[in-house]
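Descriptive structure summary
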Amino acid sequence: MRQESVVHRVHPALRPYVAAAVGYRHEGLPPGEHLGLPSPFLTVVVPLDEPIELAAHPDPDQAPGRYDALVGGLHTRPARIVHPGRQVGVQLSLTPAGARALLGCPAGALASLDAPLDDVLGQAARDLVDRVRAAPDWPARFAALEQVLLRRAGDDGLRPEVAEAWRLTTAAHGRLRVADVARRVGWSPRHLEQRFRSETGLSPKEAARVARFDVARRALARRVASGRSPDLAGLAAGGGFTDQAHLTREWRSFTGLPPTRWLAAEFGFVQDTRALDAALSEP
C-alpha cells in the first residue's frame, strides 16, 4: 500500500480563503468507499486521473455522480466516495470567505451539495484541471492551481459581523454559546441565525457542532496514527463534549458510525487526515 500526502502553503494573498491545500496519493487499498465528513470548510477536489465518484451526497435527494473536479459545500451528513483501490488528486479547504472570493458565490448557495467545478467556475475550472493534470510533480501542480486562483481572487463581500461570528465559533472549537457569539458581534441571536445561515448554509449551532467534531476527528486520527490508544473518554473530556456518550452520538450523526467503527473503516485514510491537520495547523 502506498500513501502519500503533500502539504502546500498557499500564496499569502490566498491564505484568508484557502485554509489548507493537500496533494494525496492512495494506492493498494481494497476497492470500496471512503467517507467525506463534515468540516468547517468547503472542499474543492481535483482528481489527477479518474473522475471522483460519489455514491451518496450529504443531501440524500442529490443523485450519485462522477466529477472531473468538484466543490462540496458545508454539510452535516457524510458523503460516500467510491474508489477502485486508489485515489490521486489535490484537495483545497476553503473558508466561507473563500467561497465568495474564489468561487463567486456565498457558501450558503452550496450547502450540502456537491457540484461540478465547471458549473461554478466555467472555463476557469477547465483551465485549472488541465493545468494541474499536465504538471509533472506536486510543486508544479500547486503552482498551476495558484495561478488560476490568484486570477479569480476578489473581494469576499462578507458582512463583518458574519465573518466575526464564524471566526469566534471555529476558533473556540464550538464551545461558545450562540447567545454569546451574538452578543459579541452586536446582533440578536435571531438576526445572527438568519444572516449566518444565509451566508454559510449552517445555523450557528450546527457550525459549532461541526467545528467541535472536526477538531475531535483530527485529534483521534493523530492518536491512532502515532500508535496511541483512542482514549475516547479523554477525547470527549478535552473536546468539549458532555461525556463519551455525547461524543459517540455526535460521531454517529456526522459519520453514520461510532468512533471505533469509523476508525476501522477509514484507517487507510488516516494519514491523509494527519496531513490536513498539519496544513490547518500552519500559522
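Scope of this entry: the structure provided in the associated data block. It should be emphasised that the depicted structure is a prediction, and the values quoted were computed from it without experimental measurement. (Residues numbered from 1 in each chain as written. Predicted model: local features only at pLDDT ≥ 70, side-chain atom pairs only at ≥ 80, totals over all residues. Heavy atoms only, no water.)

Brief notes about the overall build of the protein
From N to C terminus, the protein includes 12 helices and 10 strands. Rg of the C-alpha trace for the protein: 18 Å, near the compact-globule value of 19 Å for 283 residues, within the 12% margin. With the C-alpha coordinates aligned to their principal axes, the bounding extent of the protein is approximately 50 × 45 × 40 Å. For the protein, with 283 residues in total, the buried portion stands at 51%. For the protein, the accessible area works out to roughly 12400 Å², and carbon and sulfur atoms hold 50% of it. For the protein, the centre of its 36 positive side-chain charges and the centre of its 32 negative side-chain charges are spaced 6 Å apart. (Helix = DSSP H or I, 4+ residues; strand = E, 2+ residues; numbered from the N terminus. Rg over C-alpha atoms; globule rule 2.2 N^0.38 Å. Buried < 20%, exposed > 50% of the residue type's maximum accessible area, 1.4 Å probe, protein only. Areas by Shrake-Rupley, 256 points an atom, 1.4 Å probe, with all protein chains shown as cover. Lys, Arg positive; Asp, Glu negative; His and termini not counted. Charge placed at Lys NZ, Arg CZ, Asp CG, Glu CD.)

Description of the layout of surface pockets
Within this model, the second largest pocket holds a volume of roughly 210 Å³. The wall of the second largest pocket is formed by 16 residues, among which Glu50, Pro51, Pro84, Arg86 and Gln87 lie closest to the centre. Split into classes, the residues belonging to the lining of the second largest pocket amount to 9 nonpolar, 2 polar and 5 charged. (1 Å grid on protein atoms, 1.4 Å probe; cavity = no way out; pocket = protein on both sides within 12 Å on 5 of 7 lines; lining within 4 Å. Points joined across faces, edges and corners; volume = space filled by probe spheres on them. Nonpolar A, V, L, I, M, F, W, Y, C, P; charged D, E, K, R; others polar.)

Points about the sheet that holds strand β2 (residues 18-27)
Ordered by their spatial adjacency, 6 strands build an open sheet running β1-β2-β9-β4-β7-β10, and the pairing between neighbours is antiparallel. Edge positions in the open sheet fall to β1 (2-8) and β10 (114-116), since each of these has one partner strand only. Strand-to-strand twist in this sheet, taken as the mean axis angle between neighbours without regard to direction, amounts to 20°. With 7 bridges joining them, β1 and β2 adopt antiparallel strand pairing. Within β2, the position partnered with Val7 by the bridge is Val22. Its contacts with the sheet put helix α1 (residues 96-103) on β2, β4 (42-47), β7 (70-72) and β9 (86-94), and the angle it makes with β9 is roughly 100°. (Pairing = 2+ DSSP bridges. Axes fitted to C-alpha atoms, helices over the stretch in contact; angles between N-to-C directions. Contact = heavy atoms within 4.5 Å.)

Examining helix α11 (residues 259-266)
Among the residues of α11, those classed as buried are Pro259, Trp262, Leu263 and Glu266. Take α11 and look down its axis: the buried residues cluster within an arc of 100°, on one side only. With respect to the buried face of α11, the exposed residues turned more than 90 degrees away are Arg261 and Ala264. (Arc of directions from axis to C-beta.)

Structural notes on the pairing of strand β8 (residues 79-83)
In β8, alternate side chains face the same way, and those of Ala79, Ile81 and His83 are buried while those of Arg80 and Val82 on the opposite face are not. In terms of strand pairing, strand β3 (residues 32-36) meets β8 through 5 bridges, oriented antiparallel. Pairing of His34 across the sheet is with Ile81, part of β8. Here strand β5 (residues 52-56) runs beside β8; their pairing, made up of 3 bridges, is antiparallel. Bridging from a neighbouring strand, Leu54 pairs with Ile81 of β8.

As for the environment of Glu164
Within the secondary structure layout, Glu164 lies in helix α5 (residues 160-171). It is 6.9 Å that separates the C-alpha atoms of Glu164 and Val185, two residues lying 21 residues apart in sequence.

Things to note about unusual backbone geometry
One non-glycine residue, Ser112, lies in positive phi territory at about 65°. Among the secondary structure elements, Ser112 is positioned in the loop between α1 and β10. One non-glycine residue, Asp231, adopts positive backbone phi at about 45°. Residue position: Asp231 is located in the loop between α8 (204-225) and α9 (232-238).

Overview of the environment of Thr169
Its location among the elements puts Thr169 in helix α5. A C-alpha to C-alpha distance of 24 Å links Thr169 and Val10, two positions 159 residues apart in sequence. The contacts of Thr169, once residues within four sequence positions are left out, are Gly174, Val181, Pro204, Ala207, Ala208 and Ala211.

Some details on the sheet that holds β8
An order of β3-β8-β5-β6 is seen for the 4 strands of this open sheet, with the pairing classed as antiparallel. Each having just a single partner strand, β3 and β6 (65-67) make up the two edges of the open sheet. Between one strand axis and the next, the sheet turns through 35° on average, direction left out of account. As judged from the 3 bridges shared by β5 and β6, these two strands associate in the antiparallel manner. Within β6, the residue paired with Leu54 across the bridge is Gly65.

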